[in-house]
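# Structural characterization, general
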Amino acid sequence: TTRSWALVLLTIASQITLGFLIWRILLQPRSAVIHTEVLHSLVHEFQTPIAAIRMAADILDSPIARNQPERSDKYIRIIREESERLQHQVETMLTLARAERNTLILNNEPVSVYQLLSSVAERHADYLQLCLPATNAHFLADRLHLTNVLHNLLDNAVKYSPTEPIITLRAEETAGGLLIAVRDQGVGIPAQFIGQIFQPFFRVHDRNQPSVKGFGLGLSYVHRIVLAHNWTIDVQSELGKGSEFTIRIPQTALLPEVDKSSVSRS
Ligand code: ADP
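To keep things clear, this report deals only with the structure shown in the data block. (Residues numbered from 1 in each chain as written. Predicted model: local features only at pLDDT ≥ 70, side-chain atom pairs only at ≥ 80, totals over all residues. Heavy atoms only, no water.)

## Concerning the pairing of strand 5 (residues 177-183)
Across the 7 residues that make up strand 5, a large majority, 6, are buried. Pairing of strand 4 (residues 167-174) with strand 5, which is carried by 7 bridges, proceeds in the antiparallel orientation. Its bridge partner lying in strand 5, Thr-174 is registered against Gly-177. Counted along the chain from strand 4 to the antiparallel partner strand 5, the turn is 2 residues long. (Buried < 20%, exposed > 50% of the residue type's maximum accessible area, 1.4 Å probe, protein only. Helix = DSSP H or I, 4+ residues; strand = E, 2+ residues; numbered from the N terminus. Pairing = 2+ DSSP bridges.)

Below is the structure:
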């Protein structure tokens, strides 16, 4: 099994190198040198999971794990979770690079708002209040990307809530179409930074913001995916009170009643 761990590490290392190179070449074509702070974030974000994977692989390969096979499960779980985290980051970077070059392709399919929000809410069940609209609207969207978008917003809502998170995921039909909103009661975003939070690598450096791990790419991914669908996203925030991110899906994107029969997972 040492060989299979080595293989896991090799695969991950090559993915990282690939992601980094693509990011470097495609997304930053105009800058000669990556900003030191950006490079620092990248290195940090990749180093932490790599260190965890290496440590877990070392333990699995040592007498500790050989003599106590029941402890192996824990280290296998670490390898799996951390490599998933790395993969997620590489995918985010690739998606952003593709969006930057206008080569991002959406796999649109009919999506039911009930089904989408309920499945996303499952992972956040402990602290999430879910508010569904009276009727189950359907619309065309890239289900996978949209699911990632909502997880990103919900993960942020948790990360930037210093105490017990109180979060609402809400969908509502309005005159203009459908809105999906994520509201938290966390630290809020200082007004002067609101205009910048969707930029790649932007992070608020403010003493009121808790020092949480981050990459500064989550919201730019969210923004890119929303724009690629021709929807909009805006944010309302009050310092110390919380933030609300609202995605607006226009009426024209909603599927008429007759098409709903084609929705398989409603
Ligand atoms: P990351 O969370 O990895 O730093 P993001 O792109 O997701 O990157 O967010 C960019 C910045 O916007 C964060 O560093 C944080 O300062 C701010 N931010 C995002 N979501 C929230 C939120 N729900 N509450 C307060 N600040 C937020």
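## A look at the nonpolar core
Phe-139, Leu-153, Ile-180, Ile-197, Phe-245 and Ile-247 are the most contacted members of the largest nonpolar core, which totals 66 residues. Per-element accounting of this core gives the leading share, 9 residues, to helix 4 (residues 72-100). The contacts of Ile-247, once residues within four sequence positions are left out, are Val-149, Leu-150, Leu-153, Leu-178, Leu-179, Ile-180, Val-226, Trp-231, Thr-232 and Ile-233. (Core = buried A, V, L, I, M, F, W, Y, C linked by side-chain atoms within 4.5 Å. Contact = heavy atoms within 4.5 Å.)

## A word on the site of the ligand
Around the ligand there are 21 residues in total, and Asn-156, Tyr-160, Arg-203, Phe-215 and Leu-219 lie nearest to it. Between the ligand and the protein, one listed contact pairs an oxygen atom with a side-chain N or O atom of Lys-159 at 2.9 Å. Where the shell around the ligand is concerned, the elements lending two or more residues are helix 6 (143-159), helix 7 (218-228) and strand 7 (242-250). It is helix 6 that provides the largest number of residues to the shell around the ligand, a total of 3 residues. Across the shell around the ligand, the residue classes break down as 11 nonpolar, 7 polar and 3 charged. (Near = heavy atom within 4 Å. Polar contact = N/O pair within 3.5 Å; in protein donor to acceptor, adjacent residues only side chain to side chain. Nonpolar A, V, L, I, M, F, W, Y, C, P; charged D, E, K, R; others polar.)

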